[in-house]
Amino acid sequence: MDKKINTTEVSVREIIESKLTRYFGISPDEANEDQIYKAVVLCVKDMLTEKRSAFREKVKKQHSKKIYYMCMEFLVGRQLRNNLMNLGVDAEYKNALAEMGFDIEKIYEHEPDPGLGNGGLGRLAACFMDSLTTLDYHATGFSLCYEYGLFKQRIIDGNQVELPDSWMAEGGTWLVPRTDKAFTIRLGGTVHENWENGNCTFTYDNYEDVRAVPYDMMISGSDCKAVNVLRLWKAVDMTNFNMNLFSQGQYVRAIQETSNAEVITKVLYPADEHDEGKLLRLTQQYFLVSASLQSIISDHLAAYGTLYNFADKVSIHINDTHPALCIPELMRILMDIYSYSWDAAWSVVTKVMSYTNHTVLPEALEKWNVSLFKLKLPRIYMIVEEINRRLCADLWNMYPGDWDRISRMAIIGYSQVRMANLSVAASHTVNGVSALHSDILKKTVFHDYYKAMPYKFTNVTNGIAMRRWLCFSNPGLTSLLDETIGPEYKKDFPRLADFKKFENDSAVHERLREIKLQNKITFANYYQNKTGETIDTSSVFDVQVKRMHEYKRQLLNVLKIITLYNEIKHNPNGNYTPTTFIFGGKAAPGYYMAKDIIKLIWSLGEEIKKDPVVRDIIRVVYLEDYNVSTAEVLMPSTDISEQISLAGKEASGTGCMKFMVNGALTLGTLDGANVEMRDAVGNDNIYIFGLNADEVDDLWRRGYYSLNYYMNNPRLKATIDRLQGTFAKNSFTKMVDYFLYSHGVADPYMCLADYDSYMNTFELMIKTYHNKDAWTKKSLNNIAGAGFFAADRSISEYAENIWHLTTVK
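The sections below set out a description of the structure shown in this document. Computed from a predicted model, the values in this text were never measured in an experiment.

1. Observations concerning the overall build of the chain
If you tally the helices and strands in the chain, you get 34 helices and 25 strands. In the chain, which comprises 809 residues, the share counted as buried stands at 59%. Contacts in the chain between residues far apart in sequence, at least 24 positions, make up 76% of those at least 6 positions apart. Approximately 32200 Å² of the chain is accessible, and the part contributed by carbon and sulfur atoms is 49%. In the chain, 90 side chains carry a positive charge and 100 a negative one; their mean positions are 2 Å apart.

2. So, the sheet that holds strand β13 (residues 367-369)
Overall, antiparallel pairing links the three strands, which are arranged β13-β15-β14 in an open sheet. Two strands in the sheet have a free side with no partner beyond their single neighbour: β13 and β14 (412-413). Examined bridge by bridge, β14 and strand β15 (residues 416-418) share two bridges and lie antiparallel to one another. In the sheet register, glycine 413 faces β15, and the bridge partner there is glutamine 416.

3. Let's talk about empty space enclosed by the protein
Under the criterion given, the structure shown has one cavity of 30 Å³ or more. Its volume calculated, the largest cavity comes out at about 110 Å³. Forming the walls of the largest cavity are Phe74, Val76, Gln79, Asn82, Asn83, Arg123, Ala126, Met129, Asp130, Ile219, Ser220 and Arg468. Elements represented by at least two residues in the lining of the largest cavity include exactly α3 (80-87), α6 (120-134) and β9 (208-220). Among the elements that make up the lining of the largest cavity, the one with the highest residue count is α6 (four residues). Class assignment of the residues belonging to the lining of the largest cavity gives a composition of five nonpolar, four polar and three charged.

4. Considerations on the sheet that holds strand β19 (residues 579-584)
Strands pair in a sheet through their backbones, by hydrogen bonds, and they do so in one of two ways: parallel or antiparallel. The sheet built from six strands is open, its strands ordered β20-β19-β18-β21-β22-β23 with parallel pairing. Since the sheet does not close on itself, it has two edges, and those belong to β20 (618-623) and β23 (687-688), each with one partner. Sheet analysis places strand β22 (residues 665-668) next to β23, joined by two bridges and oriented parallel. Bridging from a neighbouring strand, leucine 667 pairs with tyrosine 687 of β23. Helix α24 (residues 592-610) contacts β19 and β20 of the sheet and is inclined by roughly 140 degrees relative to β20. Packed on one face of the sheet, helix α33 (residues 772-784) meets β21 (640-643), β22 and β23 and runs near 85 degrees to β22.

5. Comments concerning the side chain of lysine 560
Looking at the element boundaries, lysine 560 is found in helix α23 (residues 554-570). A polar side-chain atom of lysine 560 sits 3.0 Å from a polar atom in the side chain of tyrosine 758. Setting aside chain neighbours within four positions, we find lysine 560 in contact with Asp542, Phe581, Glu642, Tyr758, Met759 and Phe762.

6. Focus on the pattern of salt bridges
Taken as a whole and assessed by the stated rule, the structure comprises 55 salt bridges. The closest approach of N and O atoms between arginine 467 and aspartate 130, which form a salt bridge, is 3.3 Å. Separated by 337 residues along the polypeptide, arginine 467 in helix α20 (residues 466-472) and aspartate 130 in helix α6 bring together distant segments of the chain. Of the two residues, arginine 467 and aspartate 130, both sit in the buried class. Salt bridges sharing partners connect three or more residues here, namely Arg178, Asp180, Asp216 and Arg231.

7. Quick look at unusual backbone geometry
One non-glycine residue with positive phi stands out, namely aspartate 157, at about 50 degrees. Tracing the backbone through its elements, the reader meets aspartate 157 in the loop between β3 (152-156) and β4 (159-163). Using a relative accessible area of 53% as the deciding quantity, one classes aspartate 157 as exposed. Even without a glycine there, the phi angle at aspartate 747 is positive, about 50 degrees.

8. Details of the packing of aromatic side chains
A complete count under the given rule lists 27 aromatic pairs for this structure. Aromatic pair phenylalanine 128 and tyrosine 798: ring centres 5.6 Å apart, planes at 65 degrees, arrangement edge-to-face. Here tyrosine 798 lies in helix α34 (residues 791-803) and phenylalanine 128 lies in helix α6, a separation of 670 residues in the sequence. The burial state of phenylalanine 128 is the same as that of tyrosine 798; both residues are buried. An angle of 40 degrees between the planes, with centres 4.9 Å apart, marks the rings of phenylalanine 689 and tyrosine 758 as tilted. In this pair, phenylalanine 689 is assigned in the loop between β23 and α28 (693-702) and tyrosine 758 in helix α32 (residues 751-769), connecting sequence segments 69 residues apart. Accessibility expressed as a relative area gives 2% for phenylalanine 689, which makes it buried.

9. A few points about the pairing of β9
Most of β9 sits inside the fold, with ten of its 13 residues counted as buried. Pairing of strand β5 (residues 176-177) with β9, which is carried by two bridges, proceeds in the antiparallel orientation. In the sheet register, valine 176 faces β9, and the bridge partner there is aspartate 216. Note that strand β6 (residues 183-187) and β9 share five bridges and pair antiparallel. From the neighbouring strand, leucine 187 faces β9, where its bridge partner is glutamate 208. Alignment of β9 against strand β10 (residues 227-237), held across eleven bridges, turns out to be antiparallel. For valine 210, the partnering residue across the bridge sits in β10 and is aspartate 237. Between β9 and β10, which follow one another and run antiparallel, lie six residues, and aspartate 223 among them has a positive phi close to 50 degrees.

10. Here's the deal with a nonpolar patch on the surface
The grouping of Leu707, Met711 and Tyr741 at the surface amounts to a nonpolar patch, some 300 Å² of accessible area in total. One can find methionine 711 in helix α29 (residues 706-712).

11. Remarks on the nonpolar core
Most often, soluble globular proteins have nonpolar side chains that are buried together. Counting residues in hydrophobic clusters, the biggest one holds 206 residues, and the most contacted among them are Ile16 and Phe499. Counting residues in hydrophobic clusters, the runner-up holds 67 residues, among them Tyr591, Ile618, Ala647 and Leu691.

12. Structural notes on the side chain of lysine 45
Here lysine 45 is to be found in helix α2 (residues 33-62). For the buried residue lysine 45, which engages in no salt bridge, the nearest side chain bearing the opposite charge is aspartate 46, 7.7 Å off. Those residues in contact with lysine 45 that sit more than four places away from it in its chain are Thr173, Trp174, Leu175, Val176 and Met218.

The rules behind the values
- Residues numbered from 1 in each chain as written.
- Predicted model: local features only at pLDDT ≥ 70, side-chain atom pairs only at ≥ 80, totals over all residues.
- Heavy atoms only, no water.
- Helix = DSSP H or I, 4+ residues; strand = E, 2+ residues; numbered from the N terminus.
- Buried < 20%, exposed > 50% of the residue type's maximum accessible area, 1.4 Å probe, protein only.
- Contact = heavy atoms within 4.5 Å.
- Areas by Shrake-Rupley, 256 points an atom, 1.4 Å probe, with all protein chains shown as cover.
- Lys, Arg positive; Asp, Glu negative; His and termini not counted.
- Charge placed at Lys NZ, Arg CZ, Asp CG, Glu CD.
- Pairing = 2+ DSSP bridges.
- 1 Å grid on protein atoms, 1.4 Å probe; cavity = no way out; pocket = protein on both sides within 12 Å on 5 of 7 lines; lining within 4 Å.
- Points joined across faces, edges and corners; volume = space filled by probe spheres on them.
- Nonpolar A, V, L, I, M, F, W, Y, C, P; charged D, E, K, R; others polar.
- Axes fitted to C-alpha atoms, helices over the stretch in contact; angles between N-to-C directions.
- Polar contact = N/O pair within 3.5 Å; in protein donor to acceptor, adjacent residues only side chain to side chain.
- Salt bridge = Lys/Arg side-chain N within 4 Å of Asp/Glu carboxyl O.
- Phe/Tyr/Trp six-rings, centres within 6.5 Å; stacked < 30°, edge-to-face > 60°.
- Patch = residues over 30% accessible without salt bridge, like charges linked within 9 Å, V, L, I, M, F, W, Y side chains within 5 Å.
- Core = buried A, V, L, I, M, F, W, Y, C linked by side-chain atoms within 4.5 Å.

Distances and angles like these do not, on their own, reveal function.
Structure (structure tokens):
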């Protein structure tokens, strides 16, 4: 590995001072915290640039294969602390800034979280870029440079309000504009086929050209040679500014004419309840893949001068279906620009493309209306249509007369373009993200494809950036691990298993409890600084933070809290354990049920807050605008990690792994990665409840009637009945309808079926919590068992088994 960056506190101070002088024209005595933050970022970018140049020289000599990772989101979190620690210079910068009169912790707070993602998909992509770099693989991530992110969440009287996330004013400091690497993207119009001497060419009329300008963010790794790049595309209108309109005083119209294209990269996941939103999402996806593929091919030609070895030197990974248009777009480029035959182009595409599926929910398997698709991407539709024709012809040969099967496997069907089928048909490898999820894909979602092409399917269980989520976020626990098992685990996380040797060590137990308490105090201070409100650090921290969705079953958690509320009201002198229930997550702007769940949680919290009897025993906290930075403080403080999705619905989850390695105990169903977590720590160290995936399927087949559970369980009945009243003057009777009387399927995620098991298991956890040694031993075993869930392991499996990469020496 490379030696640590050669810095001293004196040289660091000199470098910072030179940045202040050059870029701000001030001395350190005149500088404020914001200017110091920007000066330090400039210093770190210089270090990364120098290191990247050395890495690129190694790449050129080795001609190593490269992975291009396509994803609509990369939830990278703040970069300054991460980069300083990865480069091994955090102590030097901390001391140098202290000498200058600045607290580095306050400097860190000047950096906003980049608005480049929403939830688990984006965070996984960010973890993977960290591991690709740390393991010295040559990689580039591709996404869009969202000017206003997803949205800034505000909770006003329980209602989620979406505001623009203007992160780029400060967070954009990390981005390097590469106007020399810009490309043109063609949208809409009419396509004409022109045949001459047996060759077909295509001409376009009435199209719109948009310029894609890349902004590069350098990605550091820990103790490694590599620095890789996350390339983010920004849309720029190519229309000439209409000076005549402006001169005539029509200022707004003149500006509008040049800003239409720039809407493409304004917001992540625009609302799509209307055709305009659907068209914008489709445009975003094509813009991403077209710009990225043009960049990939340009770089390959610059390195090798030919596309002959393209499939040998390039791997392109489609992370979920959003970038699936890579497939027809690469076909278009190879055929229309480089004169490949169909068969030759298809051979290249199917050798370089691989696909990760992240969901079994039908609504999340993207499908595009054919008429909208043809309107925005006419040439791409022609190619998709031909891919579908050839696929169906091949399937007919395999399954003559089996129209139902062929219809299910078709890429175009019922006036829709099915992006998941396109991804499976064209990729050489398709993987799920947990053992259970991959098994479900083969049995249900892609069963027909699995029967026809079993060789394509595999599993790679997700992993997390352990250095960020353990070493950087939990310094107290990291110090204890360093003392007990040595620091080598930081590059070989299965070594965490050595910590199990201390499971009966009372001194280690006491240290773990001290660390957990200090982490709770740290989070409580963080929360108080944000909101002005206090949290009882002696209470149990029971946490469910994730995207707001019915299948995540925040509602089941709410039913539990209402049950406790009822019981405390009925028997205020009972023996209760003070517990703080913490929620966080955003609802999609058009997902009104998820917004109603947020309002219910907030209203329940307000009702409890007003009650002098209940508020000292239980508390409900909703974290506004939950993000990576909040998670880094919250997860080390957590006692109970709620992973309670209906079995068979969660693909994997990665939050569960972050809580686990920080010593939280999981309360969960046998869903997603929970299954493998149980295997890693044993049944005694995880709290599993509820139906498993097979039992869920069996209950649906037999007929699920939630009303039966309500009528036959007095405790549950009292809880549901309480919903018919009000919380904080808000009525939630429609939640009662949702659980019991829905015109579709009442209680579609079986909260009532799992309620009794959930309550019993939670109560068992609380009972165990009072046995300090037993609880701490379980917590220790979770830390020791977490090594398998490192992103380093996931990336090694992708690199060896799917992408066939070698490290850069």
